[in-house]
Amino acid sequence: MTSSPQSITPTLPQLDADCDRCAALCCVAYPFDASEDFAIIKETEDPCPNLSGSCFGCTIHDHLSNRGFGGCVAYSCAGAGQRVTQDLFHGETWRDDPDLISHMSHALRVLRPIHEALLILKEAAALPLPTEVQNRCQLLIAELCPAAPTSVWDFEEDSVQSALASVPEFIEGLIAFVPPRG
Ligand code: SF4
Ligand code: SF4
């Protein structure tokens, strides 16, 4: 017996990036090692020097690959950036208060893997899964969506982090339910 994907019960957060509602958190939160993906070295929580000084736009946005920033083209926060900015920090930004850089960066680093896992689980839920497996999928989704979160701590709870840690093994076990291509 299989169940339909419509049975997802928790309300999923937006799982694609809305950079206009974000404070360019990915351009701040991560370190760059000079490589084929990033042309410069940048420390964790240092704003990228290519970030506009007057807004949260990238000054080389149209030339990222040519300028050696293919890693920025490939990056996706799966919607975690605007959620951190708008929901956890109420639209405040690290430019309003530089002390927020480390808090917002930390929050992005916590929420991004959760959002990526939710994206994968959403796709998994659309497979023709047996009811028991679908239920497990729904449970993982629910555990990754704490009710009414107000701070990053809600996402650092053991229940959330333990669900996150179990997603890879759950996904590996779905191979038998993926329809053959073609
Ligand atoms: S963290 Fe996400 S939403 Fe924010 S600027 Fe980066 S890609 Fe866009
Ligand atoms: S190059 Fe542009 S997109 Fe990449 S981190 Fe720097 S400001 Fe952000």
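Residues numbered from 1 in each chain as written. Chains lettered and ligands numbered in written order. Predicted model: local features only at pLDDT ≥ 70, side-chain atom pairs only at ≥ 80, totals over all residues.

Asks: Help me out: how do you make sense of the overall build of the chain in this one?
Replies: Scanning the chain for helices and strands turns up 7 helices and 0 strands. Shown N-terminal to C-terminal, the secondary structure of the chain runs as helices and strands in the order α-α-α-α-α-α-α. A principal-axis box enclosing the C-alpha atoms of the chain has dimensions of 55 × 40 × 25 Å. For the chain, the proportion of its 182 residues judged to be buried stands at 27%. (Helix = DSSP H or I, 4+ residues; strand = E, 2+ residues; numbered from the N terminus. Buried ≥ 20, exposed ≤ 12 C-beta atoms within 10 Å, placed from the backbone.)

Asks: Can you walk me through the site of ligand 1 in this structure?
Replies: Around ligand 1, the neighbouring residues are Ala-17, Asp-18, Cys-19, Cys-22, Ala-24, Leu-25, Cys-26, Cys-77, Gly-81, Gln-82 and Leu-108. Looking at the shell around ligand 1 residue by residue, the classes come out as 8 nonpolar, 2 polar and 1 charged. (Near = placed C-beta within 6 Å. Nonpolar A, V, L, I, M, F, W, Y, C, P; charged D, E, K, R; others polar.)

Asks: Any chance you could explain the packing of helix α4 (residues 100-125) against helix α5 (residues 131-143) here in plain terms?
Replies: Between two packed helices, the angle of one axis relative to the other and the distance separating the axes together describe the packing. Direction vectors running N to C along α4 and α5 enclose 155°, while the axes themselves pass 10 Å from each other. When the interaxial angle is binned, α4 and α5 end up roughly antiparallel. The chirality of how α4 crosses α5 is left-handed. Judged by residue contacts, Leu-118, Leu-121, Ala-124 and Ala-125 of α4 engage Gln-134, Cys-137, Gln-138, Leu-140 and Ile-141 from α5. For the contact of α4 with α5, the per-class residue count stands at 7 nonpolar, 2 polar and no charged. (Axes fitted to C-alpha atoms, helices over the stretch in contact; angles between N-to-C directions. Parallel < 35°, antiparallel > 145°, perpendicular 65-115°, else oblique. Left-handed = near helix turned anticlockwise from the far one by under 90°. Contact = placed C-beta atoms within 7 Å.)

Asks: Just to check I follow, could you spell out the site of ligand 2 for this structure?
Replies: Looking at ligand 2, the residues that line it are Cys-27, Cys-48, Asn-50, Leu-51, Cys-58, Ile-60, Phe-69 and Cys-72. Across the shell around ligand 2, the residue classes break down as 7 nonpolar, 1 polar and no charged.

Asks: Quick question: what am I supposed to make of the nonpolar core here?
Replies: Generally speaking, a soluble globular protein has its nonpolar side chains buried in company with each other. In this structure, Leu-25, Val-84, Met-104, Leu-108 and Leu-121 are the most contacted members of the largest nonpolar core, which totals 38 residues. Secondary-structure elements contributing two or more residues to this core are α1 (26-29), α3 (80-88), α4, α5 and α7 (158-172). With sequence-adjacent residues up to four places away left out, Leu-25 is seen in contact with Gly-81, Val-84, Thr-85, Met-104, Ser-105 and Leu-108. (Core = buried A, V, L, I, M, F, W, Y, C linked by C-beta atoms within 7 Å.)

Asks: Help me understand the packing of α5 against α7 in this model?
Replies: Two elements in contact, α5 and α7, have axes whose closest approach is 9 Å; the angle formed by their N-to-C orientations is 140°. Here α5 runs over α7; the crossing is left-handed. Contacts between α5 and α7 involve Arg-136, Leu-140 and Glu-143 from the former and Ser-159, Val-160, Ala-163, Ser-166, Val-167 and Phe-170 from the latter. Considered class by class, the residues forming the contact of α5 with α7 number 5 nonpolar, 2 polar and 2 charged.

Asks: I tried to follow unusual backbone geometry on my own but got confused; where do I start?
Replies: Of all residues except glycine, most have a negative phi; of all peptide bonds, most are trans. Not every positive phi belongs to a glycine, and Glu-45 is a case in point at roughly 70°. Its place among the elements puts Glu-45 in the loop between α1 and α2 (70-74). With 15 C-beta atoms packed within 10 Å, Glu-45 lands in the partly exposed category. Here Ala-78, not a glycine, exhibits a phi torsion of approximately 55°, which is positive.

Asks: Can you walk me through the environment of Arg-136 in this structure?
Replies: Following the sequence through the fold, Arg-136 ends up in helix α5. The spacing of Arg-136 and Phe-170 is 34 residues in sequence and 8.6 Å in space, taken between C-alpha atoms.

Asks: It is not clear to me how α3 should be interpreted in this structure. Could you clarify?
Replies: Residue pairs spaced three or four apart in an α-helix point in one direction, given the helix's 3.6 residues per turn. A large share of α3 lies buried, amounting to 7 of its 9 residues. When α3 is considered as a whole, its buried residues turn out to be Ala-80, Gly-81, Gln-82, Arg-83, Val-84, Thr-85 and Leu-88. Buried positions along α3 lie against α1 and α4. Immediately downstream of α3, the backbone of His-90 shows phi near 55°, a positive value.

Asks: Got a minute to help me understand the environment of Asp-99 in this structure?
Replies: With respect to the helices and strands, Asp-99 occurs in the loop between α3 and α4. When the 9 C-beta atoms within 10 Å are taken as the criterion, Asp-99 is described as exposed. Spatially, the C-alpha atom of Asp-99 lies 27 Å from that of His-61, the residues being 38 residues apart in sequence.

Interpretation in functional terms is not warranted from these geometric data alone.
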